[in-house]
Amino acid sequence: MALKQVSSTDEFIKGLWRDNPVFIHMLGLCPALAVSNTAINALAMGAATTFVLLMAGLSVSLLRNFIPREARIVSYICIIATFVTCVDYAIMAISIELHRALGAFIALIVVNCLILGRSEAFASKHNPGRALLDALGMGVGFTGALFFIGVMREVLGSGTLFGVGLFPDGFQTWTVMVLPSGGFFAMAIWLLVVNWIRQRQADAEKQAVEQAGKAAS
Amino acid sequence: MKDPGYWSIFLNAALINNFVLAYFLGLCPFFGVSSKLETAIRMSGAVSFVMLVASACAFGINLILEAINAPYLRIISYILVISSTVQLVEMLMRKLSPPTFRALGIFLPLITTNCAILGLALFQTNKGYGFTQSIVYALGAGAGFALALVLMAGVREKLDLADVPQLVKGTAAALVVAGILSMGFMGFAGLGR
């Protein structure tokens, strides 16, 4: 039992760092770059995607014994599209401004490869509890990544965070960060940071193994 | 609203609001198959064709959905049409050109989840384009996608030979290149007004 406990927390944790969908697997890049020009947009997009991930993961996992293998992709897409339509109308009801800011990208959650990928690779093979944990981890990882990109672009590009000014008047904003090309640059910078940390971790592990080997001999 | 001319719709979709570099649509194949020029050209051919068919179908479906007053079925029906078109292209390619089929590999079925195509269908509906306008829009978007992909592939082929630090190699370098390309495309912003 204890063993299972550990591995199910692992199911959740892996989406945050080791298998982070955006920085490690490069899944769902399109929304990650397109709507991350402010931190608020990034969070809203992350929340919407997480909701769809959870619901799709749950449904696919519950129906996994009923969906024939040949028709699985089409069925998954139908399930995902249904929930995306719900989210689309829900956001329109909650805040029409937010709906306008995110634009067609809410509808485009359907084709976010992250959701189809998790449905196919994980939810279709595991029980609902596991699938939900995995979806939650992936969703939080995705939201976190979007948030980091969004914060960097908003702070540098408009000098604000959540719409609150951060700098004295003299600050020259980096307009390029709000423009499309800024998305690519911000993503590249975060990717470098992540790669750098991972490389350091790998080096440290290698050294530890070598030292252990020396000590043993 | 003033009816935009065909030429301006085409230029708008291909250059000013380039799908890949201004709207961030279709980034997966953009980074996935842009490492070789030849596959990039074939991929953009396939995507443009699917775009054209999907755009025509989306126009028809939208008419039906409006007639029966069911706009909430739009997303689901568009995506189904797109995935069937992709299936068709996949079968055609396997029959007509097996080497291309093998070169594109996993990215061919993944055209279904290429947001550029669903994005195109949704944008043309939002903008209220007529049939010919939709077709021209699809042609422009396809041309823009092809242009971005081919430019990127050209740069990346050269980049392979360059001596960059190990940390930057791969996707990070590709992202920076894409950012610079995107800045270049911003230069078209004044065009066609």
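Residues numbered from 1 in each chain as written. Chains lettered and ligands numbered in written order. Predicted model: local features only at pLDDT ≥ 70, side-chain atom pairs only at ≥ 80, totals over all residues.

**Structural notes on the overall build of chain B**
Note the following rule: The secondary structure listing takes helices from DSSP runs of H or I that are at least 4 residues long and strands from runs of E that are at least 2 residues long, numbered from the N terminus. What the globule rule says is 2.2 Å times the number of residues to the power 0.38, and the radius of gyration is computed from C-alpha atoms. With C-beta atoms placed from the backbone, a residue is labelled by how many other C-beta atoms lie within 10 Å of its own: buried for 20 or more, exposed for 12 or fewer, partly exposed between the two. By the convention adopted here, residues are in contact when the distance between their C-beta atoms, placed from the backbone, does not exceed 7 Å.
A tally of regular secondary structure across chain B gives eight helices and zero strands. Ordering the α and β elements of chain B from the N terminus gives α-α-α-α-α-α-α-α. Its C-alpha radius of gyration of 17 Å places chain B within 12% of the 16 Å reference for a compact globule of 193 residues. Referenced to the eigenvectors of the C-alpha coordinate spread, the extents of chain B come out at roughly 60 × 45 × 25 Å. Within chain B, the proportion of its 193 residues that are buried is 45%. Taking contacts inside chain B between residues at least 6 apart in sequence as the whole, the part at least 24 apart equals 80%.

**Some remarks on the packing of helix H3 (residues 37–67) of chain B against helix H4 (residues 74–96) of chain B**
Residue and element names in this part refer to chain B. Our working rule: Lines fitted to C-alpha atoms define the axes here, with helix axes fitted over just the stretch in contact, and angles between the N-to-C directions of these axes take values from 0 to 180 degrees. For any helix crossing, the convention is left-handed if the near helix is rotated counterclockwise from the far helix by under a right angle, and right-handed if that rotation is clockwise. Gly is placed with the polar residues, together with every amino acid not listed as nonpolar (Ala, Val, Leu, Ile, Met, Phe, Trp, Tyr, Cys and Pro) or charged (Asp, Glu, Lys and Arg).
Look at H3 against H4: their axes get within 9 Å of each other, and the N-to-C directions meet at 145°. Here H3 runs over H4; the crossing is right-handed. Note on element contacts: H4 touches H3 through Arg 74, Ser 77, Tyr 78, Val 81, Ile 82, Thr 85, Val 86 and Val 89, opposite Ala 46, Phe 49, Val 50, Val 53, Ala 54, Cys 57, Ala 58, Ile 61 and Leu 65. In terms of residue class, the contact of H3 with H4 is made up of 14 nonpolar, two polar and one charged.

**Points about the environment of Ile 41 of chain B**
Summarising the element assignment, Ile 41 of chain B is placed in helix H3. The spatial distance from the C-alpha of Ile 41 of chain B to the C-alpha of Val 150 of chain B is 6.4 Å, given a sequence separation of 109 residues.

**A short note on the interface of chain B and chain A**
Tallying the contact residues gives 31 residues for chain B and 32 residues for chain A. Ranked by the residues each element gives to the side of chain B that touches chain A, the list is headed by helix H8 (residues 171–186) of chain B, at nine residues. Classifying every residue of the side of chain B that touches chain A gives 24 nonpolar, seven polar and no charged.

**Some remarks on the confidence of the model for chain B**
Residue and element names in this part refer to chain B. For the record, the criterion: Confidence of the predictor in every single residue is expressed as pLDDT, which spans 0 to 100.
Of the residues in chain B, 95% reach a pLDDT of 70 or more, and the chain-wide mean stands at 83. For chain B, per-element mean pLDDT is lowest for helix H5 (residues 98–104), which scores 76, and highest for helix H7 (residues 131–161), which scores 89. Both confidence scores are given for the complex: pTM 0.83, ipTM 0.80.

**Some details on the packing of helix H6 (residues 115–127) of chain B against H7 of chain B**
To characterise two packed helices, one gives the angle between the axes of the helices and the distance between these axes. All names here are of chain B. At a minimum axis separation of 11 Å, H6 and H7 run at an interaxial angle of 150°. Of the two elements, H6 crosses H7, and the hand of that crossing is right-handed. Residues Ala 116, Leu 120 and Gln 124 of H6 lie in contact with H7, whose contacting residues are Ser 134, Tyr 137, Ala 138, Ala 141 and Phe 145.

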